[in-house]
Amino acid sequence: MAEPVAMPVFERATLPAVTPVDPEALNNLAFELTRLLGEDAVSRDEATRMTASTDWAHMSPVLRPMLPGGVADIVVRPPDAEGIAVAVGAAHRHRVPVTVRGQGTGNYGQGIPLFGGLVIDTSQATKVLAVEDGWITAEAGASFVLMEKAALATGQELAIMPSTVGSTIGGFIAGGAGGTGSIANGAVWDGYIRSLRVVPCTDDAIPVDVPYPDNMAQSHAFGVSGVIATATVALRPARRWTALFASFPELDGAVAAGEELFGLDPTPRLLSLDEAGVVATYRPADPAMPADRLSVRGIVTEESVPAATAIVERHGGRVDAVRPKGPALVTSLSYNHTTYRVRKLRPELTHLQCGGPGLTRRRAEVAAVAPDTLIHLEGFLNPATGVQHWAGMLFLRFEDVETLYDRMARLAEVEVYVNDPHTWVLHNRVDMIRAAAERFDPDGLLNPGKLPAV
């Protein structure tokens, strides 16, 4: 008899009881920030404060009723990495909570200031500081568009970048996990980051260089374990990529083809798989993605197109298009961009971030646990094992919060493991993050409400 599966326990998001920040402390902080960084860098108007207090967590029907959750009292936009440190030190001197943001593209409420206080918008600190052999260093607010351009000028490209290429490097490291390049290089905490310059939330706020693997404690930690001022992340030799669009009549063939495509040499930069119901939500319709067939899309090198085509056809599929200018479209149909597109046409659905063999090997059982589901998958590397696997989104009809969480737990019985996208409470590598927070945020002012209670 099989051993019973332990049901996972999910830490749900709840709004904390908040005591308003002392108005005198806020006034004094605003005065000091204006003196140190200039009047144009500091905002207290309602429109700016509201914009800096929201992200894309409204895609979650669990989080949306709680939003914005907290509202910034002051917003500051430092012009550079040094200014970020200046702002952190000033906030600590006045004991005002600090939430640090990039472009606000998070999906879990990571950057929502639940306790009000100061929001540091890093999007003005945009300098690329150095491009070396295998590495690029930039300020926290540098966008991936800017960094990729700088890397390509030296014959290199970013090892990992998010599907939202306008995101900032600091925001992606603090709030993201994977993206284009993860099929070859894993997640942001898997050696992607050589070094971070981290600002401690103390009066002097002197930045500290944190090398790998110690900086795993700042990766996907929502800023609670120190403020990222600059980052040095991995580059790879640039390649001539093209987009390959294939379609299949059945899931088994699409999955098998995708898993063989994992092994292409060079490894694809991105490989996504959609069931037909997901494809049917994409607008505008594209003949390269027939709405009645499963779609497998890859960013592959030009020279590997013949081998990829043979793999697709061997597993009962067909190549519908090869587009040298198509990688941007393929990127825009990956990760949570897919969630946005699906919910735009079908708002009754919600999303679960999932992994596990049950997604592809036990599809009928998944449907029994969660009816009316649709699957979107991404190829991903586990560097610890060297094995590539599928991870992605399971879309399902949202009925109510209790039913959703019951299904999330029961999916473990069919080998589908959910990484909850409906909470702002940290739930991965928490002990490591908490230890770093004790070092870099001794007074608990950095993005409070995001670390679970001890």
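Quick note: structure is the one above.
In this text, all values refer to a predicted model and were calculated from it rather than measured experimentally. All residue numbers here refer to positions counted from 1 along the written sequence of the relevant chain. Totals for whole chains, interfaces and linings use every residue, but because this is a predicted model, local features are given only for residues with pLDDT of at least 70 and side-chain atom pairs only at 80 or more, for both listing and counting. Here the side-chain values reflect all heavy atoms present in the structure, with hydrogen atoms and water set aside.

Draft legend 1. Region of interest: the pattern of salt bridges. Should a side-chain nitrogen of Lys or Arg be within 4 Å of a carboxyl oxygen of Asp or Glu, the pair is scored as a salt bridge. Under the definition given, this model contains 22 salt bridges. Between Arg-269 and Glu-157 there is a salt bridge whose closest N-O contact spans 3.8 Å. Of this pair, Arg-269 sits in the loop between α7 (251-261) and β12 (270-274) while Glu-157 is found in strand β7 (residues 156-158), placing the two residues 112 residues apart along the sequence. For Arg-269, a relative accessible area of 9% corresponds to the buried category. Burial status follows relative accessibility: with a 1.4 Å probe on protein chains alone, a residue under 20% of its type maximum counts as buried, one over 50% as exposed, and anything between as partly exposed. Here Glu-157 falls in the buried class, since its relative accessible area comes to 5%. Salt bridges sharing common partners tie together Glu-148, Glu-157 and Arg-269. Helix and strand definitions here come from DSSP, where helices need a minimum of 4 consecutive H or I residues and strands a minimum of 2 consecutive E residues; each element is numbered from the N-terminal end.

Draft legend 2. Molecular detail of empty space enclosed by the protein. Here a cavity denotes grid points, spaced 1 Å and computed from the protein atoms alone, that fit a 1.4 Å probe unable to get out, and a pocket denotes an open set having protein on both sides within 12 Å along at least 5 of 7 lines; residues with an atom within 4 Å of a point are the lining. Grid points are joined across faces, edges and corners, and a volume is the space filled by probe spheres set on the points. The final tally for this structure, using the stated rule, is one cavity of 30 Å³ or more. The computed volume of the largest cavity comes to approximately 90 Å³. Lining the largest cavity, in full, are Tyr-108, His-220, Phe-222, Gln-353, Asn-419, Asp-420, Pro-421, Thr-423, Val-425, Leu-426, His-427 and Asn-428. By residue class, the composition of the lining of the largest cavity is five nonpolar, six polar and one charged. The classification used treats Ala, Val, Leu, Ile, Met, Phe, Trp, Tyr, Cys and Pro as nonpolar, Asp, Glu, Lys and Arg as charged, and all other residues, Gly among them, as polar.

Draft legend 3. Region of interest: the packing of α7 against helix α9 (residues 305-314). Fitted lines through C-alpha atoms serve as axes, helices being fitted only where they are in contact, and the angles separating the N-to-C directions of these axes extend from 0 to 180 degrees. Their axes nearest at 9 Å, the elements α7 and α9 cross at an angle of 155°. One element, α7, and the other, α9, form an angle in the roughly antiparallel class. Where α7 crosses over α9, the two elements pack in a sense that is right-handed. Residue-level contacts link Ala-257, Glu-260 and Leu-261 of α7 to Ala-308, Ile-311, Val-312 and Arg-314 of α9. By definition in this entry, angles of less than 35 degrees are roughly parallel, angles greater than 145 are roughly antiparallel, angles of 65 to 115 are roughly perpendicular, and the rest are oblique. Helix crossings fall into two classes, left-handed where the near helix is turned counterclockwise from the far one by less than a right angle and right-handed where it is turned clockwise. Contact between two residues is taken to exist if any of their heavy atoms lie within 4.5 Å; hydrogens are not considered.

Draft legend 4. Local environment of the nonpolar core. One finds Leu-33, Val-76, Leu-118, Leu-158, Ile-169, Tyr-192 and Val-233 to be the most contacted residues of the largest nonpolar core, which totals 57 residues. Among all residues touching Val-233, those that are not within four sequence positions of it are Gly-134, Trp-135, Ile-136, Met-147, Leu-158, Ile-169, Ile-173, Tyr-192 and Ile-193. What we call a nonpolar core is a set of buried Ala, Val, Leu, Ile, Met, Phe, Trp, Tyr and Cys residues that are connected through their side-chain atoms within 4.5 Å. With 41 residues, the next largest nonpolar core counts Leu-264, Val-296, Val-300 and Leu-394 among its residues.

Draft legend 5. Structural context of the environment of Phe-380. As for its placement among the helices and strands, Phe-380 is situated in strand β16 (residues 374-382). Along the primary structure Phe-380 and Ala-125 are separated by 255 residues, whereas in three dimensions their C-alpha atoms are 31 Å apart.

Draft legend 6. Layout of unusual backbone geometry. Pro-266 follows Asp-265 through a cis peptide bond whose omega is 5°. If you trace the backbone, Pro-266 turns up in the loop between α7 and β12. The peptide bond linking Arg-283 to Pro-284 adopts the cis configuration, its omega dihedral lying at 0°. Positionally, Pro-284 belongs in the loop between α8 (276-279) and β13 (294-301). Not every positive phi belongs to a glycine, and Phe-222 is a case in point at roughly 60°. Mapped onto the elements of the fold, Phe-222 is located in the loop between β9 (208-211) and β10 (227-237). Judged by its relative accessible area of 7%, Phe-222 is buried. Although it is not a glycine, Tyr-335 adopts a positive phi angle of roughly 50°.

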